[in-house]
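# Structure assessment
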Amino acid sequence: MKTYKGRGVVLHTLKYGDSSMVAFLLTDVGGRRSYMVQGVRSRSGRGSKLALFQPMFPVEFEGLEPSRGQMHRFKEIRTAFALQGLPFDVRKSTVGLFMAEVLYRLVRESEPNEALFDFVWHSVGALDAMQEGVANFHLWFLANLSRFLGFCPGNDYVPGAWFDIREGLFVPVQPAHTEVMTRDCARMLREMMDCGVQELGAVALNRAQRVEFLNAMLVYFGYHLDAISAVQSVRILREVF
């Protein structure tokens, strides 16, 4: 059976039988892929591998090309780099859960997308390492993810502008329809897309502003991708941040 090497970020897992599971990864070699992982839940000594399959965990692997009608499998899999914060900080793990669920719901392509993968891969490292700005990270991630899903803003921001979600444009006058971001949310959208992840600690947002902007981003994503409505971890985000 042909083998190949790749990197991936864990998005979701489903239990399969008594001791196996299906793992969904965003990979550099084939976009979103599903892998059958056998024996990972057994009591006979391979249970340690289960720790690799947490939301947004980065892995390196040697995969096995499937026969017709079968799923990909792993010949070998290991952590790509040691995580220092993501597994142990409830704020970071909550953000990671949200990121993983968003990607699992929205990314369906089984073709390589180098730009998207690199953005997600580096986002994991940035979230794990950051000391300040964690409460803003999910907002930054959503705003910048729109670049790779094909519907980021189509023009430059002007102070005082609204954001027309239907047209994907910053506009000087409030549109007549309801798919629109307020002036404050439009400003936050441009701020999140302009700032580097290392600058998030300097973005001063209170809890109410974060909730308002998150809700606006969900409307924005939902206008283009219905699957965002199925993301359940939004409720946990609102409680934590």
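As the structure is a prediction and not an experimental result, all values here were calculated from the model.

### Quick word on the pattern of salt bridges
- This structure, assessed with the given rule, holds eight salt bridges.
- Glu191 is the salt-bridge partner of Arg187, the closest N and O atoms lying 3.4 Å from each other. Taken together, the residues Arg187 and Glu191, both in helix H4 (residues 183-194) and four residues apart, mark about one turn of the helix.
- When the shortest N-O distance is used, the salt bridge between Arg235 and Glu239 registers 3.3 Å.

### Concerning the packing of H4 against helix H5 (residues 207-224)
- Look at H4 against H5: their axes get within 10 Å of each other, and the N-to-C directions meet at 85 degrees. Of the possible angle classes, the one that applies to H4 and H5 is roughly perpendicular. Facing Cys185, Arg187, Met188, Leu189 and Met192 of H4, the residues of H5 in contact are Gln209, Glu212, Phe213, Ala216 and Met217.
- For the contact of H4 with H5, a count of residues per class yields seven nonpolar, one polar and two charged.

### Some remarks on empty space enclosed by the protein
- Evaluation of the coordinates by the stated rule reveals one cavity of 30 Å³ or more.
- Roughly 40 Å³ of volume is contained in the largest cavity.
- Breaking the lining of the largest cavity down by element, the ones donating at least two residues are H5 and helix H6 (234-240).
- Sort the elements by how many residues they give to the lining of the largest cavity and H5 lands first, with three residues.
- The residue inventory of the lining of the largest cavity, partitioned by class, reads four nonpolar, one polar and two charged.

### Some thoughts on the packing of aromatic side chains
- Counted according to the given criterion, the structure contains 18 aromatic pairs.
- Grouping aromatic residues by their ring pairs yields a cluster made of Phe151, Tyr157, Phe163, Phe170, Tyr220 and Phe221.
- A cation sits over an aromatic face here: Arg7 above Trp121, 4.7 Å from the ring centre.
- The positively charged end of Arg108 is found above the aromatic ring belonging to Tyr104, 5.9 Å away from the centroid.

### Comments concerning H5
- Here H5 spans 26 Å end to end across 18 residues, near enough to the 26 Å set by a 1.5 Å rise per residue.
- Every buried residue belonging to H5 is among Arg210, Phe213, Leu214, Ala216, Met217, Leu218, Tyr220 and Phe221, and all of these are buried.
- Buried positions along H5 lie against helix H1 (90-106), helix H3 (134-149), strand E6 (162-164), strand E8 (180-181), H4 and H6.

### Points about the environment of Gly168
- Structurally, the position occupied by Gly168 is in the loop between E6 and strand E7 (169-171).
- Using a relative accessible area of 11% as the deciding quantity, one classes Gly168 as buried.
- Along the sequence, Gly168 and Phe151 sit 17 residues apart, while their C-alpha atoms lie 7.0 Å from each other.
- If sequence neighbours within four positions are ignored, Gly168 has contacts with Cys152, Pro153, Gly154 and Phe163.

### Focus: the environment of Val197
- Here Val197 is to be found in the loop between H4 and H5.
- Take Val197: its relative accessible area is 18%, and that puts it in the buried class.
- Along the sequence, Val197 and Val134 sit 63 residues apart, while their C-alpha atoms lie 9.7 Å from each other.
- Not counting residues up to four positions away in its chain, the partners in contact with Val197 are Ala126, Met130, Phe137 and Trp140.

Rules used in this analysis
Residues numbered from 1 in each chain as written. Predicted model: local features only at pLDDT ≥ 70, side-chain atom pairs only at ≥ 80, totals over all residues. Heavy atoms only, no water. Salt bridge = Lys/Arg side-chain N within 4 Å of Asp/Glu carboxyl O. Helix = DSSP H or I, 4+ residues; strand = E, 2+ residues; numbered from the N terminus. Axes fitted to C-alpha atoms, helices over the stretch in contact; angles between N-to-C directions. Parallel < 35°, antiparallel > 145°, perpendicular 65-115°, else oblique. Contact = heavy atoms within 4.5 Å. Nonpolar A, V, L, I, M, F, W, Y, C, P; charged D, E, K, R; others polar. 1 Å grid on protein atoms, 1.4 Å probe; cavity = no way out; pocket = protein on both sides within 12 Å on 5 of 7 lines; lining within 4 Å. Points joined across faces, edges and corners; volume = space filled by probe spheres on them. Phe/Tyr/Trp six-rings, centres within 6.5 Å; stacked < 30°, edge-to-face > 60°. Lys NZ or Arg CZ within 6 Å of the ring centre and 35° of its normal. Expected span 1.5 Å × (residues − 1). Buried < 20%, exposed > 50% of the residue type's maximum accessible area, 1.4 Å probe, protein only.

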